[in-house]
Amino acid sequence: MRPARRSALALGGGLLAALAAPRLLLANGPEVIGMRGTARGEHVWFAPVGLAVAPGTTLRFVNDDAGNSHTATAYHPAILDRPRRIPRGAEPWDSGFLLPGESFEATLTVPGVYDYHCQPHEFGGMVGRIVVGTPGTPGWQPASREPGDIPPEALAAFPPVGAILRAGRLHREDMA
Amino acid sequence: MFRKIALVSAATMLGACAAVAHDEPALMQAPPGAPYQQVSELVPLPDYIPGLGALWVDPATLPAGPFLAYDRDGRLSATVYMTPLEALRNGTAYDGLGIGAHNVSSVDVYHNAGHPGVDVPHAHVVLFHDEGARARLAE
Ligand SMILES: [Cu+2]
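Just so you know, these numbers come straight off a predicted model, no measurement behind them.

*Asks:* Any chance you could explain the layout of surface pockets here in plain terms?
*Replies:* In this approach the atoms are scanned with a rolling probe the size of a water molecule, which exposes any empty space left behind. If you add up the space inside the second largest pocket, you get close to 310 Å³. The wall of the second largest pocket is formed by 23 residues, among which A39(A), R40(A), P50(B), G51(B) and Y110(B) lie closest to the centre. Those elements that provide at least two residues to the lining of the second largest pocket are strand 5 (106–112), strand 6 (122–128) and helix 4 (133–138) of chain B. For the lining of the second largest pocket, the residue count by class is 11 nonpolar, 8 polar and 4 charged.

*Asks:* Please explain unusual backbone geometry as it appears in this structure.
*Replies:* Most peptide bonds take the trans configuration, and most residues that are not glycine carry a negative phi. All names here are of chain B. In the segment running from A30 into P31, the intervening peptide bond is cis, with an omega of 0°. Looking at where P31 falls in the secondary structure, it is placed in the loop between helix 1 (2–14) and strand 1 (37–38). Going from G65 to P66, the amide bond is cis rather than trans, its omega being 20°. Along the chain, P66 turns up in the loop between strand 2 (54–57) and strand 3 (67–70).

*Asks:* Would you mind going over the coordination of the copper ion with me for this structure?
*Replies:* The textbook angles at a metal center are 109.5 degrees for a tetrahedron of four donors and 90 or 180 degrees for an octahedron of six. All names here are of chain A. Coordination of the copper ion by the protein is provided by H70 (ND1), C118 (SG), H121 (ND1) and M126 (SD), with metal-donor distances spanning 2.0 to 2.5 Å. Mapped onto the sequence, the donors of the copper ion take the spacing H-x47-C-x2-H-x4-M. Of the residues examined, H121 reaches a relative accessible area of 0% and is grouped as buried. Using a relative accessible area of 0% as the deciding quantity, one classes M126 as buried.

*Asks:* What am I meant to see in the sheet that holds strand 3 (residues 50–53) of chain A here?
*Replies:* Hydrogen bonding along the main chain pairs the strands of a sheet, whether they run parallel or antiparallel. Judged by pairing direction, the sheet is mixed, and its 5 strands sit side by side in the order 5-7-8-3-9 (chain A) without closing on themselves. In this open sheet, the two strands that pair with only one neighbour each are strand 5 (73–74) and strand 9 (169–170) of chain A.

*Asks:* How should the interface of chain A and chain B be read in this particular structure?
*Replies:* Frequently, the measure chosen for interface size is the accessible area that the parts lose on association. Contact with chain A, which involves 18 residues of that partner, is made by 18 residues of chain B. One can count 1 salt bridge joining chain A with chain B. A salt bridge links D108(B) to R40(A); its shortest N-O distance comes to 3.3 Å. Our enumeration of links across chain A and chain B arrives at 7 residue pairs in polar contact (both at pLDDT 80 or more). Tallied by class, the residues present in the side of chain A that touches chain B amount to 9 nonpolar, 6 polar and 3 charged.

*Asks:* For this particular structure, what's the right way to read empty space enclosed by the protein?
*Replies:* All names here are of chain B. One pass over the full model with this rule turns up 3 cavities of 30 Å³ or more. For the largest cavity, the calculated volume is near 80 Å³. Along the walls of the largest cavity sit 14 residues, with V39, V43, F67, P116 and G117 positioned nearest its centre. Mapped by element, the contributors of at least two residues to the lining of the largest cavity are helix 2 (39–42) and strand 2.

*Asks:* Could you clarify how one ought to interpret the side chain of N63(A) in this entry?
*Replies:* Structurally, the position occupied by N63(A) is in strand 4 (residues 57–63). At 3.0 Å, the side chain of N63(A) and the backbone oxygen of N68(A) are in polar contact.

*Asks:* Help me understand the packing of aromatic side chains in this model?
*Replies:* The geometry of an aromatic ring pair comes down to the distance between the two centres and the angle between the two planes. According to the stated counting rule, one finds 7 aromatic pairs over all chains in the structure shown. Relative to Y116(A), the ring of F46(A) has its centre 4.7 Å away and its plane inclined at 65°; by these criteria the two rings are edge-to-face. Taken together, the positions of F46(A) in strand 2 (residues 44–47) and Y116(A) in strand 7 (residues 112–117) put the pair 70 residues apart, joining distant regions of the chain. Looking at F46(A), the relative accessible area reads 1%, which means it is buried. With centroids separated by 5.8 Å and ring planes inclined at 50°, the aromatic side chains of W93(A) and Y116(A) adopt a geometry described as tilted. Of this pair, W93(A) sits in the loop between strand 5 and strand 6 (103–108) while Y116(A) sits in strand 7, and the two are 23 residues apart along the sequence. Geometry around W45(A) places R172(A) over its ring, the cationic atom sitting 4.0 Å from the centre. The residue whose ring lies beneath R72(B) is Y48(B), and the NZ or CZ to ring-centre distance is 3.7 Å.

So, how was this worked out
- Residues numbered from 1 in each chain as written.
- Chains lettered and ligands numbered in written order.
- Predicted model: local features only at pLDDT ≥ 70, side-chain atom pairs only at ≥ 80, totals over all residues.
- Heavy atoms only, no water.
- 1 Å grid on protein atoms, 1.4 Å probe; cavity = no way out; pocket = protein on both sides within 12 Å on 5 of 7 lines; lining within 4 Å.
- Points joined across faces, edges and corners; volume = space filled by probe spheres on them.
- Helix = DSSP H or I, 4+ residues; strand = E, 2+ residues; numbered from the N terminus.
- Nonpolar A, V, L, I, M, F, W, Y, C, P; charged D, E, K, R; others polar.
- Donors = N, O, S within 2.8 Å, 3.2 Å for Na, K, Ca; no water.
- Buried < 20%, exposed > 50% of the residue type's maximum accessible area, 1.4 Å probe, protein only.
- Pairing = 2+ DSSP bridges.
- Contact = heavy atoms within 4.5 Å.
- Salt bridge = Lys/Arg side-chain N within 4 Å of Asp/Glu carboxyl O.
- Polar contact = N/O pair within 3.5 Å; in protein donor to acceptor, adjacent residues only side chain to side chain.
- Phe/Tyr/Trp six-rings, centres within 6.5 Å; stacked < 30°, edge-to-face > 60°.
- Lys NZ or Arg CZ within 6 Å of the ring centre and 35° of its normal.

The quantities given are spatial measurements derived from coordinates; they are silent on function.
Next comes the structure, spelled out in structure tokens:
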């Protein structure tokens, strides 16, 4: 009982801190990003679609969608020969297909803007953006403006970096 | 993306000799037998998808199908078609498609953003074969 209660209190404190100061970027994760969809798959998305974290934060992508499989795949020439939209020198990641309930972790160390997508849902606009550090972090690299072969549905879905930094966690309903 | 390309080329090669689903007794209970294969064996999808059940398809008929949808007891409950919106817009027609069973109690048509196997936005056209089919497939 005691340990459980302690961790519940610790979690509550963490949530309060996050709400009070989303821009402090203190947590090193894992920060959870859900892969979601409506029951019949009309819409699919990452939740949150935009996330600001401190360098060294571990992300955990979790497929919360009972009826679909998803990937979290960095835009990078080393993966499916896509345009590079993560900082130079950063390690690209690809979860592979995650079935419902499965998850994948990646740790982002190089400061800057990381764009990623879900392979079967790129044309459905299922992309996400992670901002590691802030423009004031030494070595920070801004968002790529390289569209390459990325479809317009995906390009339109990346949240602005400023909005992510202001919100900390930005959900698709915040972007309307 | 790889898998879709593989499936599409398989469809191109096999298209000429594909059998058409047409209310055959062998289809009423899973497994439907050749040339049908379970979708979850072809692409990374769950064995049972809430709303669509266990899907089987002849790869030669991708992407449109028919996909045969079985409930948890293996009973044929729906026939499903998946038609990419972009292809329709560009003039592709999906005509003369097979149907799992002739009795159709209701039809649902809705948008799907994509999934492995048909990884572009498309329409799902779902023909339910009896009154209870929708409820059985939902779970
Ligand atoms: Cu997805």
